[in-house]
Structures are given as structure tokens and as C-alpha cells.
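Here is how the chains run, residue by residue.
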Amino acid sequence: MSLDVIEFCRDLVRCPSVTPDEGGALDLLQRTLEGLGFNCQRLPFEEPGYPPVDNLYARLGTKAPVFCYAGHTDVVPVGDRAAWSVDPFAAEVVGENLIGRGTVDMKGSIAAFVAATADYLDRQGGVPKGSIAFLITGDEEAEAVNGTVKMLSWLAEHGEQLDHCLVGEPTSDQKLGDMVKIGRRGSLNGKLVVRGIQGHTAYPQLADNPAHHLVAMLANLTTDALDDGSAHFPPSSLQVTTIDIGNPATNVIPAVARAGFNVRFNDLYSGITVEQWIRERLNRVGRPYELEISVSGESFLTPPGSLSTLVSNAVQAELGAAPELGTTGGTSDARFIKDACPVVEFGLRNATAHKVDEQVPLAELQALTNIYRRILEGYFTS
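This structure is a prediction, so every number in the text was calculated from the model and none was measured. (Residues numbered from 1 in each chain as written. Predicted model: local features only at pLDDT ≥ 70, side-chain atom pairs only at ≥ 80, totals over all residues. Heavy atoms only, no water.)

## As for the environment of Arg-373
Inference 1: Secondary-structure assignment places Arg-373 in helix α9 (residues 362-381).
Inference 2: The class for Arg-373 is buried, based on a relative accessible area of 8%.
Inference 3: Separated by 253 residues in sequence, Arg-373 and Tyr-120 place their C-alpha atoms 5.9 Å apart.
Inference 4: Those residues within four positions of Arg-373 in sequence are excluded, and the remaining contacts are Ala-116, Asp-119, Tyr-120 and Arg-123. (Helix = DSSP H or I, 4+ residues; strand = E, 2+ residues; numbered from the N terminus. Buried < 20%, exposed > 50% of the residue type's maximum accessible area, 1.4 Å probe, protein only. Contact = heavy atoms within 4.5 Å.)

## Quick look at the sheet that holds strand β6 (residues 92-94)
Inference 1: Read from one edge to the other, the open sheet built from 3 strands follows the order β6-β7-β21, with strand pairing classed as antiparallel. Looking at which strands have only one partner, the edges of the open sheet turn out to be β6 and β21 (359-361). Averaged over all pairs of adjacent strands, the angle between their axes in this sheet comes to 30°, without regard to strand direction.
Inference 2: When strand β7 (residues 97-99) meets β21, the two strands line up antiparallel, connected through 3 bridges. Opposite Ile-99, over in β21, you have Gln-359 as the bridge partner.
Inference 3: In the packing of helix α3 (residues 103-124) onto the sheet, the strands contacted are β7 and β21, and the crossing angle to β21 comes to about 50°. (Pairing = 2+ DSSP bridges. Axes fitted to C-alpha atoms, helices over the stretch in contact; angles between N-to-C directions.)

## Remarks on the side chain of Ser-308
Inference 1: Mapping Ser-308 onto the fold places it in helix α7 (residues 306-319).
Inference 2: Other than its neighbours up to four places away in sequence, Ser-308 contacts Ile-182, Leu-325 and Val-344.

## Observations regarding the packing of helix α1 (residues 5-13) against α3
The axes of two packed helices give the description: the angle between them and the distance between them.
Inference 1: Put simply, α1 and α3 touch, their axes get as near as 9 Å, and they point 135° apart. Classified by the angle their axes make, α1 and α3 are oblique. Where α1 crosses over α3, the two elements pack in a sense that is right-handed. In contact with Val-5, Phe-8, Cys-9, Leu-12 and Val-13 of α1, α3 contributes Thr-103, Lys-107, Gly-108, Ile-110, Ala-111, Ala-112, Val-114 and Ala-115. (Parallel < 35°, antiparallel > 145°, perpendicular 65-115°, else oblique. Left-handed = near helix turned anticlockwise from the far one by under 90°.)

## Some details on the sheet that holds strand β16 (residues 256-265)
Inference 1: Reading across from one edge, β14-β16-β12-β17 is the order of the 4 strands in this open sheet, with antiparallel pairing throughout. The sheet is open, and its two borders are formed by β14 (237-244) and β17 (290-297), each paired with just one other strand. Sheet twist, expressed as the mean angle between neighbouring strand axes with direction ignored, is 15°.
Inference 2: Direction of pairing for strand β12 (residues 186-195) relative to β16: antiparallel, over a ladder of 10 bridges. Bridged to Asn-189 within β16 is Asn-262.

## Describing empty space enclosed by the protein
If you roll a probe as big as a water molecule over the atoms, it shows you where there is empty space left.
Inference 1: For the structure shown, the criterion picks out 2 cavities of 30 Å³ or more.
Inference 2: In this structure, the largest cavity occupies an estimated 60 Å³ of space.
Inference 3: Lining the largest cavity, in full, are Ala-70, Gly-71, His-72, Met-106, Leu-135, Thr-137, Glu-140, Thr-148, Val-167, Glu-169, Asp-333 and Ile-337.
Inference 4: Mapped by element, the contributors of at least two residues to the lining of the largest cavity are β5 (66-72) and β8 (131-137).
Inference 5: Classifying every residue of the lining of the largest cavity gives 5 nonpolar, 4 polar and 3 charged.
Inference 6: Estimates place the volume of the second largest cavity at around 40 Å³.
Inference 7: Lining the second largest cavity are Ser-17, Pro-20, Asp-21, Glu-22, Leu-26, Asp-54, Thr-73, Asp-74 and Gly-138.
Inference 8: Across the lining of the second largest cavity, the residue classes tally to 2 nonpolar, 3 polar and 4 charged. (1 Å grid on protein atoms, 1.4 Å probe; cavity = no way out; pocket = protein on both sides within 12 Å on 5 of 7 lines; lining within 4 Å. Points joined across faces, edges and corners; volume = space filled by probe spheres on them. Nonpolar A, V, L, I, M, F, W, Y, C, P; charged D, E, K, R; others polar.)

Laid out in C-alpha cells, this is it:
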């Protein structure tokens, strides 16, 4: 069964699967994979306080090793629809580009891997010596509560073991194939509250200004560097994201001051040790404070080895240049998959992801398909 990657990508983009809505994207993907011989399982999950989400696990073959492609069909909202040059869900080809929400992040990658699988099976004349799997969630762009995490638990409960995984996030930067992600930084969010005594600005001796204490605490957090980076990671970074006092009066000392910050940390830290670093610097001010910490993902690294070499060789064979092995960018569902098997990420250029007129060059979509096919060939012949 041959598959036109451009037409299949257009069909996927025409499914308005704005998270958490399925929008018909998983239905289309399931029909297509079943046409290739895959056994498909729909995995809807729910949890109080979060919208229900549908997901898809598909597998072709019954033997090991299992090479899994992981991705998501949900997309972010289009924003100002009037700012788009075309309907964001019409999947129009304009010149040499396909424009639409999700073309880059990440329906283009999904279409490329499905088309690559179809091409690989056609060339091989059937099922490989092992298994190909798809782990596709509809909950990556939101809270990621009812998606990949629960799917991995389902796989473990049903005896499904993944040996290696490729996540199709848009990892390329300046040109297609210039970066493969072999890890990701962790992400920690902090909410800091400092309380004082409200009063008149003319009589500060009768008040206690929490804003002053908050500023001193933030200075301690932003003056010291967490580290200088590690072998495969850039330096960890703490960024203040908000300072909130909510005081409309110019002559009133506020009673409460609040701030928020985000830390992207490398493999020199865990969420726990980052929190320890933060509290040590807040404590230097010598004032009571309230601190709420949430960690959305720990840092992780898949050390350079057979999996990254496989992907790098496929990129070089197709494009003539080897990619950089990096760990930059935000978080992805690879942070969950790394607990199940070795995982790397490789996909399209990320320049227009989440933007108005998100788009992918047709030639790069075809090139990515060829790279993915080479990955499958290398994996099952090694």
C-alpha cells in the first residue's frame, strides 16, 4: 500500500483536533494503519478535573524488537483566525509549502512516519523481523494527564514492551536534519508569596513592606548561576515570569507580594535538588515566605549510542550532513517514555510551530519520510 505523504498530511490537518478534541484525526490514523495491517487499540482516559482524552496504540508484528514511533495529533488553538493567510484547517498548498495548524507540530511528522512505514513494508514485502508500533496521544499540548503517561501504564499492564522509541517532535532548527534531541531539560515552576504589614507610605516604620523582601529574594535567585552546563546540556536557567502586588494606590504599602518563576534544569539536578538550591537562597533574606513548587518533568539523557547513531546515519544518508545531538528546547512526552525504553526525538523544523501560518515545505516533508524509512531499514537489518 503506497501512501502520498503530502495528501495524507493534508487529510490530518483538515481534522480540527484542537486539544483535547480528537477531531477525527485518530479515526483517520487508525483506518490508515489498519489498512497497513496494524492492530489498533483506542485508549480513552479520564481523570477528575481534566477533560477526557482519546489515544491510539497500534502494532504490526508480534515479535521483538519493537520499534515505536510516538507523537500527538492534538494541536494548539489557531489564535487570531483573521491573521492567517488561509483557513488554518483547509491544509492549502501555497507555492511550495503546505500551510495549516499542526503541519509542523506534529501532523507532518506523523504523516511522514506512516508513509515511511508503508514504503518500508512495500519494499520488504511484509512484516519486519520484529514489530513496528505507534504511540499516539491526543493530550500533549495540554496537561498531558490523560495521554502518554496512562498509555505507558496500559502497555505495561498488557505486557507490551517497547525496545526503542522515536518521538517525532519538530527538533530541526535552521534546516531539516540539523538536530536530534537525545534528552531534555527538566522544568520546575515556583510560586512565591511574601506577607507583610499594610500601611501608609509616609509612615513606613509602622508597616512592613513585603515587596522589598520579595525583591531581595528574587535578587538572590537571579544573581547566582545554577551551573555552567554539563557534557550534553546548556547551563540551567531560572527566569522570573511574573511579579504581582495588585496595589492600585500610590500611597499604600501592600500587605502581600507574589512572584512566579520557571527553572529549566539540566542533568546536574533533579527537581528536589533545584528546590533545595532555591530555598537556600530565599532563606538568606531571613524572612518568612510561602513557596509552592511543581515539577512538570525531570531532566533526562539518552546517552549517544546505537539509537542516536541509527537516526544520525539516516539523516546523513538522505541529506549529506550529520545532525547535532542536542538537548535544547522545552519539554515533550519523551520525558515519560524514557522510563520505558531508550528514546530520541527527530522531526521537522520548528520555526513556525504554534504560529500563525504554520507551514512545512513539501520537499522537507518528503525528505523526512525518506529519513524515517531509512531508520526502519537500519533498525531491522542491524
